[in-house]
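A closer look at the structure
One letter stands for each residue in the lines below.
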Amino acid sequence: MRPYRTNKIFYCPYCERSFVVPLEYFDSYARDYHEYRLKESPYDNSKTLSVMNNADGRLEVFARGRDNALWHIWQTSPNNGWSSWASMGGWINGMVVESNADGRLEVFVIGSDNALWHIWQTSPNNGWSKWASLGGWIDQIAVGKNADGRLEVFGRGRNNVLWHIWQTSPNNGWSKWASMGGWINGIQVGRNADGRLEVFVIGSDNALWHIWQTSPNDGWSKWASLGGWIDQIAVGKNADGRLEVFGRGRDNALWHIWQTSPNNGWSSWASLGGEI
């Protein structure tokens, strides 16, 4: 049997739920496979491990446990020493972590009801709230921080549309969900040198598409294509503030495209080779 990659979680459109399915139930030579890979669930199963710095610099790692609950482990002092694992409860599938304007960590997950759930530190570096739901229906998730420190969460809703919800003031209060349109598969958020958020997604044509704030903290452009053909996506920021997007191409090589100046203008796609 050849090795293959799988998420272990599969989606039932009829039930609108995801289920953990033991791998031994599947034959890697079945006709449902393409290049020895299981068909991917639409759920954001890749994001089940995250790490973030506390306000005092200590690292804290968050992970989905065997029980689908959220678990965490943290440095007991900056640079060194680790706690034991501790459960934060809940039922999670897809997770992102960001720090509030005041330094408190906040974890966002997709719950068993496909709503957005969150849990947050009650003070910087220590103490956690109870779980609370922000509603909606999503199966992919990403988070960004606005120039004024307000967190903004992006998710893929039914019909593969991009939705978002945001803090109405730094550290507290949330808007209602709003649609940004499009057809997306995979979400990454970058922040431009001037503080404007920019969202990058894989479109229905497997090209890279993006949408961006027209001014820091508020207003959004229309969708625009950056071309290419990718099926995985990541974004980073250069030392001069220029955003750079990386994707896996049709040839399984790593490709990238970058801003030609901070905040605006894009290069052509270029290959970095490899097989990923």
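Residues numbered from 1 in each chain as written. Predicted model: local features only at pLDDT ≥ 70, side-chain atom pairs only at ≥ 80, totals over all residues. Heavy atoms only, no water.

Comments concerning the confidence of the model for the chain
The line we're drawing: As a per-residue measure, pLDDT tells how confident the predictor is, with possible values from 0 to 100. Note on definitions: a residue-residue contact is assigned when non-hydrogen atoms from the two residues lie within 4.5 Å.
Residues at a pLDDT of 70 or more form 83% of the chain, whose mean pLDDT is 88. Low pLDDT, under 50, characterises residues 1-9; the stretch is placed with 33 contacts to residues that sit more than four places away or in other chains. Segment residues 22-43 is flagged for pLDDT under 50; beyond a separation of four residues in sequence, or across chains, it makes 50 contacts in the model.

Regarding the pairing of strand β8 (residues 95-99)
Where we set the bar: Exposure is judged per residue with a 1.4 Å probe applied to protein chains only, and the accessible area is read against the type maximum: over 50% gives exposed, under 20% gives buried, and values in between give partly exposed. By definition, any uninterrupted DSSP run of H or I lasting at least four residues is a helix, any uninterrupted run of E lasting at least two residues is a strand, and each is numbered from the N terminus. Pairing between two strands requires that DSSP report at least two bridges joining them.
Of all five residues making up β8, five are buried, and the element is well covered by its neighbours. Neither face of β8 is left uncovered, since the one carrying Met 95, Val 97 and Ser 99 and the one carrying Val 96 and Glu 98 both have all their residues buried. Across five bridges, β8 lies against strand β9 (residues 105-110) in antiparallel orientation. By the bridge assignment, Val 96 is partnered in β9 with Phe 108.

Things to note about the pattern of salt bridges
The test is simple: Salt bridge, as used here, is a side-chain nitrogen of Lys or Arg placed within 4 Å of a carboxyl oxygen of Asp or Glu.
The final tally for this structure, using the stated rule, is seven salt bridges. Of the charged contacts, one joins Asp 56 and Arg 58 as a salt bridge, the two residues approaching to 2.9 Å between their closest N and O atoms. Judged by its relative accessible area of 8%, Arg 58 is buried. Salt-bridge contacts for Arg 150 lead to Asp 148; the nearest nitrogen and oxygen are separated by 2.8 Å.

Some thoughts on the environment of Trp 131
Residue position: Trp 131 is located in the loop between β11 (126-128) and β12 (132-135). Along the sequence, Trp 131 and Trp 117 sit 14 residues apart, while their C-alpha atoms lie 6.8 Å from each other. Trp 131 has contacts with Leu 70, Met 88, Gly 89, Gly 90, Ile 92, Val 109, Trp 117, His 118 and Ile 119, leaving out every residue within four places of it along the chain.

Focus: the nonpolar core
What counts here: The definition of a nonpolar core used throughout is a set of buried Ala, Val, Leu, Ile, Met, Phe, Trp, Tyr and Cys residues joined through side-chain atoms within 4.5 Å.
Listed in full, the 12 residues of the largest apolar core are Val 96, Phe 108, Ile 110, Leu 116, Leu 134, Ile 138, Ile 141, Val 143, Leu 151, Val 153, Ile 165 and Trp 177. When contributions to this core are tallied by element, the ones reaching two or more residues are β9, β13 (140-145) and β14 (151-156).

Description of the side chain of Gln 167
For clarity, the threshold we go by: Here a polar contact means two N or O atoms within 3.5 Å. Within protein one must be a hydrogen donor candidate and the other an acceptor candidate, and residues neighboring in sequence count only if both atoms are side-chain atoms.
Among the structural elements, Gln 167 can be located in strand β15 (residues 162-169). Polar side-chain contacts of Gln 167 include one of 2.9 Å to the side chain of Asn 100. When residues no more than four places from it in sequence are discounted, the contact partners of Gln 167 are Asn 100, Glu 106, Gly 149, Arg 150, Leu 151, Asn 172, Gly 173 and Trp 174.

Comments concerning unusual backbone geometry
The backbone of Asn 79 sits at a positive phi, close to 80 degrees, despite the residue not being glycine. You can call Asn 79 exposed: its relative accessible area is 72%. Its identity as a non-glycine residue notwithstanding, Asn 159 has a phi of 65 degrees, on the positive side. Position of Asn 159 among the secondary structure elements: in the loop between β14 and β15.

What to know about the packing of aromatic side chains
We count it as follows: Two rings from Phe, Tyr or Trp (for Trp, the six-membered ring) form a pair when their centres sit within 6.5 Å of each other. Planes less than 30 degrees apart are called stacked, planes more than 60 degrees apart edge-to-face, and all others tilted.
Counted according to the given criterion, the structure contains four aromatic pairs. Look at Phe 200 and Trp 266: their rings are 5.7 Å apart centre to centre, the planes differ by 75 degrees, and that puts the pair in the edge-to-face class. Of this pair, Phe 200 sits in strand β19 (residues 197-202) while Trp 266 sits in strand β26 (residues 264-266), and the two are 66 residues apart along the sequence. Take Phe 200: its relative accessible area is 0%, and that puts it in the buried class.

Observations regarding the environment of Trp 255
Locating Trp 255 in the fold gives a position in strand β25 (residues 254-261). Sequence-wise, Trp 255 and Trp 269 are 14 residues apart; in three dimensions their C-alpha atoms are separated by 6.7 Å. Non-local contacts of Trp 255, meaning those with residues more than four positions away in its chain, are made with Val 245, Phe 246, Gly 247, Gly 249, Trp 269, Ala 270, Ser 271 and Leu 272. Here Asp 251 takes part through its side chain, which lies 3.1 Å from a polar atom of the side chain of Trp 255.

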